[in-house]
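The primary structure of each chain is shown beneath.
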Amino acid sequence: MPSQYTVADLVADFLPQIGVRTVFGIVSVHNIPMLDAIGQRNALRYVMARGEMGGAHMADAYARVTGHLGVIFTSTGPGMANAIPGLVEARFAGSPVLHITGQTATKHIDRDVGTVHDVPGQTAMLAAACKAAFRVRTANEAFGVLVQAAATALSAPRGPVSVEIPIDLQRATIERPAGLDALALPIAAPLPPNPAELDAAAEILAGAKRPMLWLGNGAKQARDAALRLMERGFGAVSSWNGRGTIPEDHPMTLGGLHGNGAPRVQEFYANVDAMLVVGSRLRGHETGDFSMKLPRTLIHVDCDASANGRTYANSLFVHGDAALAMAGIADRLAGRNAIDTGFAEDFAATRARARAEYLDTLGPYAAFPDAIRAALPRDGVWVRDITIANSTWGNRVFPILDPRNSVYPVGAAIGPGLALGIGASIAAQGRKTIAMCGDGGFSLGMCELFTVAQEKPDLVTMVMNDGGYGVIRHIQDAVADGRQFGHDLLTPDLQGLAALAGLPFFRVSSAEQVGHVVAQALAVKGPAVVEVDMRAIGAVPPYAPYATMGKHAERARQ
C-alpha cells in the first residue's frame, strides 16, 4: 500500500465500501492512477472490455441483473465519447451506472489548448447523455462528489451518472476520509404517495368490474404489492422493460403481449373498465406511436411528476413510489370487491388465444420461444439485441420469470447484445445466460467476443444469422415500396471466428434442432457460440406494424 494516500486510492477504497464487486473499463493515460490503485488492492474484479462502448453496456447489464451499481472506467476525450452509447442506453433502461472518467490536468480543462484527449465541453456531453454529471474540482471534494454521484445513480428514477476526475487530482494526496469506513449512501427514500390521491384511486378501482395493471420498469421492485392487487382479481400486462415483475407463468398476466401486434389483446382492452399504469412511460415504441387504445379510465402512478399526461391522458395521476402506491391502494380496497366473477375466465381465454394467434404469425420460428425457454434453467438470464428475432418473439412471447433475468436494448439500438450478455453473465455468478444477437448487431460489437474468451463467463452467444439487417428489410418493404438498400452484410464465418477465440461452436440448421442444440451449448462449462442458420430455416414473417403496412403497399402496387 502506498505511503501517501491519494484521490486514486480513495476511488479504489470507495467502490468496495458501497458494495461494488466488479468494474469494467479500458486503461488509458488519464485513468492509470485509479486503475493502478484498484490493481494494488485486488478487492475488485476488473473486466477489460475491448471498447468503451462495450464496457458501458457491460456495466449497464451488470446493474440490471444485480439491482446494484454497475461501474465503467474510461479515459477522457475519445474514450469518454466511445462510452456515450452505453450511457444513453443505461438512461433509457433506468440502470444505476457509475461512469468514472479521467480528465486532462486541471489547469488545461476547457481551454482547448491541445493537450492529449482534451475535449472542451466534455461535462456537457456527459450531462446530456446521463442523469447527472459531476466534475471533481479539488482533491478534498472528491469523497463528497463520489458519494453524491453514486447516491444519485441509485435514487429513483435510477440512471447513469458520470464523474470526471482530472489526472493531477487523481495523484493529489489527501487525508483518508474519516467517514469512509462507516459510509452509508444517502439514497433517496421511496416517495410516499399523497394519501388523498390514493383515496381517489381506490374509489375509482373499487367500482371496477374488470381492472388491470400495466407494469413498467418503475414497478420491477414492487412484485409483492402488485400481487396483492392481482389476488383481488386484477389482470396484468407489462411494458417490455417491466417484464417478469409478475412471473409470466402466472395465469393472470399477458406479459409482454401488451397489444402492440396482438389484435386480440387490443380488443380485450375495450372491455377493461380501469387500468392502473405503474412506473411505465407508455412509450410510442410499444403503443404504435400512441395509436393503441387503452381503457378510458386510466390511473397513472409514477415517481416522476413530469410523467403526468406526457403520453396518454389519465383520469388520475398518483405521484409516488410504485410499491407504496400499489400497497396503499390495496389497503383501501380491503373488503370492497366489484370484480366480475367471469373476468378471470375471460382473461385466461384471451391469454391463451392471443399467444397462440401470435405464435402462428412467426412461421418457422413459432416453436423457438418455448424450446429455448425449456432449455434455459428457470433462473437463467435472457439477453437479446435488437434483432428481428427479438422484435418478433424475444420481447413478446418468450416467457420471462424475473425482471432481473431479462436484458435488452430499451433504446432499440442495434449492437449492444453481446456486451450486455457479458455484463449480465458476470453478474449472474454462474447462472446460465443466453445473449441472442442478429448477425448485424453482432458485427457491431464482435470484438467483445475476445472479452468472453478472456473472462470465461457462463454465456451462450446465439447469433441469428440471416445475412443482413432483417428488421430493416421489413421496414423498407413497408415504407420504401419494397426497395431494399444497405441491408446485406458480409460477416465472418462464425465457426472460424469461434475457433479463433477458442470457444465451443454449435449450429442450428432446422427449427426442430433449436432446443436440443441450445441445451448442448448451455451444458458447456463456460462460454459457447451458437449460430442459427436462418437462411436454411426460412425468413421471419413481417411483424406489427410492418406486416400491415407491407400489405397496404403490396395492394397499392397491384
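For the structure given in this document, a descriptive report is provided here. Keep in mind the model is a prediction, meaning the values are calculated, not measured.

1. So, the environment of T350
Mapped onto the elements of the fold, T350 is located in helix α12 (residues 343-359). For the pair formed by T350 and Y546, sequence separation is 196 residues and the distance between their alpha carbons is 24 Å. Non-local contacts of T350, meaning those with residues more than four positions away in its chain, are made with R264 and F268.

2. Focus on the packing of helix α13 (residues 368-375) against helix α20 (residues 514-522)
What describes two packed helices is the angle between their axes and the distance between those same axes. Where α13 contacts α20, the axes come no closer than 8 Å and their chain directions differ by 30°. As far as their axial angle goes, α20 and α13 are roughly parallel. For α13 against α20, the interelement crossing comes out right-handed. Together, F368, A371, I372 and A375 of α13 and V514, G515, V518, A519 and L522 of α20 make up the contact between the two elements. When grouped by side-chain class, the residues that make up the contact of α13 with α20 number eight nonpolar, one polar and no charged.

3. A closer look at the pattern of salt bridges
Per the stated rule, a full pass over the model turns up 21 salt bridges. A salt bridge links D13 to R176, with the nearest nitrogen and oxygen atoms 3.8 Å apart. Of this pair, D13 sits in helix α1 (residues 7-17) while R176 sits in the loop between α7 (167-170) and α8 (195-206), and the two are 163 residues apart along the sequence. Between D199 and R332 there is a salt bridge, and its shortest N-O distance comes to 2.6 Å. Here the residue D199 occupies a position in helix α8, and R332 occupies one in helix α11 (residues 322-332), the gap between them amounting to 133 residues. For R332, a relative accessible area of 27% corresponds to the partly exposed category.

4. Some details on the pairing of strand β2 (residues 45-48)
A regular strand places its side chains on the two faces of the sheet in alternate fashion. With four bridges connecting them, strand β1 (residues 22-25) and β2 associate as parallel partners. Its bridge partner being in β2, G25 is matched across the sheet by M48. The handedness of the β1 to β2 crossover, carried by helix α2 (residues 32-41), is right-handed.

5. Considerations on unusual backbone geometry
At the junction of A156 and P157, the peptide bond is cis and its omega measures out at -10° in the coordinates. Relative to the assigned elements, P157 resides in the loop between α6 (142-154) and β6 (161-166). Phi angles above zero are rare outside glycine, and H117 is one such case at about 65°. By the secondary structure assignment, H117 is in the loop between β4 (97-103) and α5 (122-129). You can call H117 partly exposed: its relative accessible area is 24%. Of note in this structure, K456 is not a glycine but carries a positive phi near 55°.

The rules behind each value
Residues numbered from 1 in each chain as written. Predicted model: local features only at pLDDT ≥ 70, side-chain atom pairs only at ≥ 80, totals over all residues. Heavy atoms only, no water. Helix = DSSP H or I, 4+ residues; strand = E, 2+ residues; numbered from the N terminus. Contact = heavy atoms within 4.5 Å. Axes fitted to C-alpha atoms, helices over the stretch in contact; angles between N-to-C directions. Parallel < 35°, antiparallel > 145°, perpendicular 65-115°, else oblique. Left-handed = near helix turned anticlockwise from the far one by under 90°. Nonpolar A, V, L, I, M, F, W, Y, C, P; charged D, E, K, R; others polar. Salt bridge = Lys/Arg side-chain N within 4 Å of Asp/Glu carboxyl O. Buried < 20%, exposed > 50% of the residue type's maximum accessible area, 1.4 Å probe, protein only. Pairing = 2+ DSSP bridges. Right-handed = clockwise from strand over helix to strand, strands pointing away.

By themselves, these observations are geometric and do not establish any function.
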